[in-house]
Each structure stands twice: as structure tokens, then as C-alpha cells.
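An overview of the molecular structure
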Amino acid sequence: MKIGLIDVDGHNFPNLPLMKLSTWHKQNGDQVEWYDPLTAWQRPPDRVYMSKVFSFSPDYTHPVNAKEIMRGGTGYYYPDGGAELPKEIEHIYPDYTLYPQYTKDTAYGFLTRGCPRGCGFCIVGDKEGRISRKVADLSEFWKGQKNIILLDPNITACKDWHELFGQLIDSQAWVDFSQGLDIRLMTEGKAEMLKRMKIKQVHFAWDNYSDKGKIMPKFRDFKDITGWDHRKMSVYVLTGYNTTLEQDLDRVYTLRDLGYSPYIMIYDKYKKCRGDDLVRLQRWVNSRFAFAAVKRFEDYR
């Protein structure tokens, strides 16, 4: 078979489903390549896979000439993501050659799926379930690369966290928990194991302002245990969802005082204009030079 692949979101981040599909088809003797709308009319692929992760991404603009077209991902099937990959494909080693610019000495994957939180702004609960569960060992998508980028939504909520953290420690690779860790579930044991990992920067999230009373002691304890500072500890701050600008600023100032580096995320940012207060806040906080030079948002221009 001749197989065509389309990363509808663009090629700005590796698409795991497409990489796994590519491996499976190549192992079965099929020809796999990125779909080219300029040449497909000469010899149409037998099948084209179109993967779309984000609902806000525009759909593929070119006509797709193929005997069979299969679409997948939350961008097409919101919020449950549509049909899952068959088990034999889901648990196959990804074809990292599809994205050489992002996968040199770098592995990507999920050790866990699901999250118990059920936040209204997040689809993970509907798509993957309200329980964080182990779905793979590290060896499923890592073979000695120097860097590991994890896409897990809430690995700290998984009952097998100790085993999985041990695998990451033993790998001696640099670990990036790209989706953040749940500080509300942090314990001394988890913090000690994180301290033993090779981590350039750890990410947390403070999405709900109402968590302030519970979350501040956790941040203090984690800093005391690890001895890390703002250069290594970043916190995603969700704005524009259910908070006021004053509450957003309070979180920013509080995190800075605690020794963490806040990072502004704007809910439905594409709906905001350039001069919106949240856009200005994001520009100030996320620019490390501006954030260090100007102490208060009211003084930022």
C-alpha cells in the first residue's frame, strides 16, 4: 500500500499518532510519506491519514486525492477524540524520522493517561477518563535518547508514580514534564524523586484562584525540599477563564514572592485583541527581561 500522512495542525510539534501509524505500516511493507497535493493526482495514495489535535486549527485547505481518507484527533472529534488507535499500533515505537528537526536525541510519549480533576477548560477527563492510569513503560518510546518529553496530563495522580519516576531516574536522560505536574498532589517522596531526575525546568499549574490556600504551602514545601529557585521552577497561570485581572495579578506576584517563575496562559487567546489587558499581561510576564525590569504590571507600557 501507498500511505500518505497529513499533520493538519502543521509541523510545529511531533504528531504521535502519525508516527506510530508510520512505524506500523512500514513494518508491514507499506510505503509511507507525507502527502503532497501537487503530485498525488499522478498516483493517489491507497490511504491518507489526517490527524488534527487542536479544534482551532484550520482544516487542510487542499483537496485530498486518495482511495481512502481516515481522520482522527480531537481537532476533528471534540472532545472525545474519536476512535482510538488499535492496541498494536498504540503501543508501537514511534517513527521519529518523520520529525527530524524535533526528535534528534529526543523521545516523546505518554507514561500515563487520564486526570481526576475534570476541569471545565480541559478535555482530558472526557477524552481519557477521570483516573490517571499507567499506559506504558518508558522503553515503549525511549531507546537511549538524551532527552525525554512527556505528554502526560497528570502523572502525579497515578498510583504507579513511584515505579515510573524510578524509570525516569534510571534513564539518566533530561526529563521534561511538558504538560506540568499537579502541585496539589505533591508529597515529600515525590519531590525527593524529582530532585534525583535530570530536569532543566519543572512546570506546575495554578489554574484556579480558589486553590490559593491549599496551593501556597505546597509550593513552599517543594522549594524547601528541592532547594530550587525561579530559574528551575515555572508555573502556568491560566487567565481569561474564571478570574479577574486583580486575581491574575495576585497569582503572578504571589508566585514571584515564593521564588517561582509565572508563565501566563490565556484561555481562548485567539478571541483577544492586541491591546487587551490579558495580552499585555502575558507579554510582560512571559518576557523575562521585561518581568525582571518592571516590578508592577501597572508600570508596564
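Definitions and limits used
- Residues numbered from 1 in each chain as written.
- Predicted model: local features only at pLDDT ≥ 70, side-chain atom pairs only at ≥ 80, totals over all residues.
- Heavy atoms only, no water.
- Phe/Tyr/Trp six-rings, centres within 6.5 Å; stacked < 30°, edge-to-face > 60°.
- Helix = DSSP H or I, 4+ residues; strand = E, 2+ residues; numbered from the N terminus.
- Buried < 20%, exposed > 50% of the residue type's maximum accessible area, 1.4 Å probe, protein only.
- Lys NZ or Arg CZ within 6 Å of the ring centre and 35° of its normal.
- Core = buried A, V, L, I, M, F, W, Y, C linked by side-chain atoms within 4.5 Å.
- Contact = heavy atoms within 4.5 Å.
- Axes fitted to C-alpha atoms, helices over the stretch in contact; angles between N-to-C directions.
- Parallel < 35°, antiparallel > 145°, perpendicular 65-115°, else oblique.
- Left-handed = near helix turned anticlockwise from the far one by under 90°.
- Nonpolar A, V, L, I, M, F, W, Y, C, P; charged D, E, K, R; others polar.
- Polar contact = N/O pair within 3.5 Å; in protein donor to acceptor, adjacent residues only side chain to side chain.
- 1 Å grid on protein atoms, 1.4 Å probe; cavity = no way out; pocket = protein on both sides within 12 Å on 5 of 7 lines; lining within 4 Å.
- Points joined across faces, edges and corners; volume = space filled by probe spheres on them.
- Salt bridge = Lys/Arg side-chain N within 4 Å of Asp/Glu carboxyl O.
- Pairing = 2+ DSSP bridges.

Quick look at the packing of aromatic side chains now. The full count for this structure, using the stated rule, is 19 aromatic pairs. Between Tyr241 and Tyr267 the ring centres are 4.9 Å apart and the planes differ by 75°, which places this aromatic pair in the edge-to-face class. With Tyr241 in the loop between β11 (233–239) and α8 (245–258) and Tyr267 in the loop between β12 (261–266) and α9 (277–286), this pair connects stretches of sequence that are 26 residues apart. Judged by its relative accessible area of 31%, Tyr241 is partly exposed. These aromatic residues form a ring-pair network of at least three members: Phe204, Phe219, Phe222, Trp228 and Tyr260. Across from the ring centre of Phe110, 3.5 Å away, lies the NZ or CZ of Arg113, which sits over that ring. Over the aromatic face of Tyr93 sits the side chain of Lys143, whose NZ or CZ is 4.2 Å from the ring centroid.

Below, the discussion takes up the nonpolar core. Phe177, Phe204, Phe219, Phe222 and Trp284 are the most contacted members of the largest nonpolar core, which totals 70 residues. If we skip the residues at most four places from it in the chain, Phe177 touches Leu150, Ile155, Phe165, Leu168, Leu194, Met197, Ile199 and His203. Counting residues in each nonpolar core, the second largest holds six residues, with Ile6, Val8, Ala40 and Met50 among its members.

This part covers the packing of helix α5 (residues 161–171) against helix α6 (residues 188–196). Between α5 and α6, the shortest axis-to-axis distance is 9 Å and the interhelical angle comes to 15°. On the basis of their axis angle, the class for α5 and α6 is roughly parallel. Crossing geometry of α5 relative to α6 is assigned as left-handed. In this structure, α5 uses Trp161, His162, Phe165, Gly166 and Ile169 to contact α6, whose residues at the interface are Gly189, Lys190, Met193, Leu194 and Arg196. For the contact of α5 with α6, the per-class residue count stands at five nonpolar, three polar and two charged.

What follows deals with α9. Of all the 10 residues making up α9, seven are buried; the element is thus mostly covered by neighbouring parts of the structure. Buried residues of α9: Leu278, Val279, Arg280, Leu281, Gln282, Trp284 and Val285, and no others. Where α9 is buried, its residues contact β11, α8, β12 and α10 (288–293). The backbone nitrogen of Leu278 lies 2.8 Å from a side-chain oxygen of the residue at the head of α9, namely Asp276.

Where empty space is left in the structure can be found by rolling a water-sized probe over the atoms. Size it by volume and the second largest pocket reaches roughly 210 Å³. Together, 13 residues line the second largest pocket, and Ile149, Val175, Asp176, Lys200 and Gln201 are the ones closest to its centre. Of the residues that constitute the lining of the second largest pocket, the class distribution is six nonpolar, five polar and two charged.

Another point: the pattern of salt bridges. Under the counting rule described, the total for this entry stands at 21 salt bridges. Here Arg113 and Glu90 are joined by a salt bridge, their closest N and O atoms 3.6 Å apart. Here Arg113 is found in strand β6 (residues 112–113), whereas its partner Glu90 is found in helix α2 (residues 87–90), with 23 residues between them in sequence. Relative accessible area serves as the criterion here: at 21%, Glu90 is assigned to the partly exposed category. Residue Asp268 is joined to Lys271 by a salt bridge in which the shortest nitrogen-to-oxygen separation is 3.3 Å. Residue classification places Lys271 among the exposed positions, given a relative accessible area of 56%. Among the charged side chains, a network of salt bridges with common partners joins Lys20, Glu90, Arg113, Lys127 and Glu128.

One open sheet holds the three strands; their spatial order is β5-β8-β9, and the pairing between them is parallel. Among the strands making up the open sheet, the edge pair consists of β5 (106–109) and β9 (174–177). Averaged over all pairs of adjacent strands, the angle between their axes in this sheet comes to 15°, without regard to strand direction. Relative to strand β8 (residues 147–150), β5 runs parallel, the two sharing four bridges. For Tyr108, the partnering residue across the bridge sits in β8 and is Ile149.

Another aspect to go through is empty space enclosed by the protein. According to the stated counting rule, one finds two cavities of 30 Å³ or more in the structure shown. The calculated volume of the largest cavity comes to roughly 90 Å³. For the largest cavity, the lining is made up of 13 residues, of which Lys20, Glu90, Phe110, Glu140 and Phe141 are closest to its centre. Taken together, the elements giving at least two residues each to the lining of the largest cavity come down to α1 (16–27) and β5. Taken together, the residues of the lining of the largest cavity break down into eight nonpolar, two polar and three charged. In this model, the second largest cavity occupies a volume close to 50 Å³. Listed by contribution, the elements that provide at least two residues to the lining of the second largest cavity are β1 (2–7) and β2 (31–34). Considering only residue class, the lining of the second largest cavity consists of four nonpolar, two polar and four charged.

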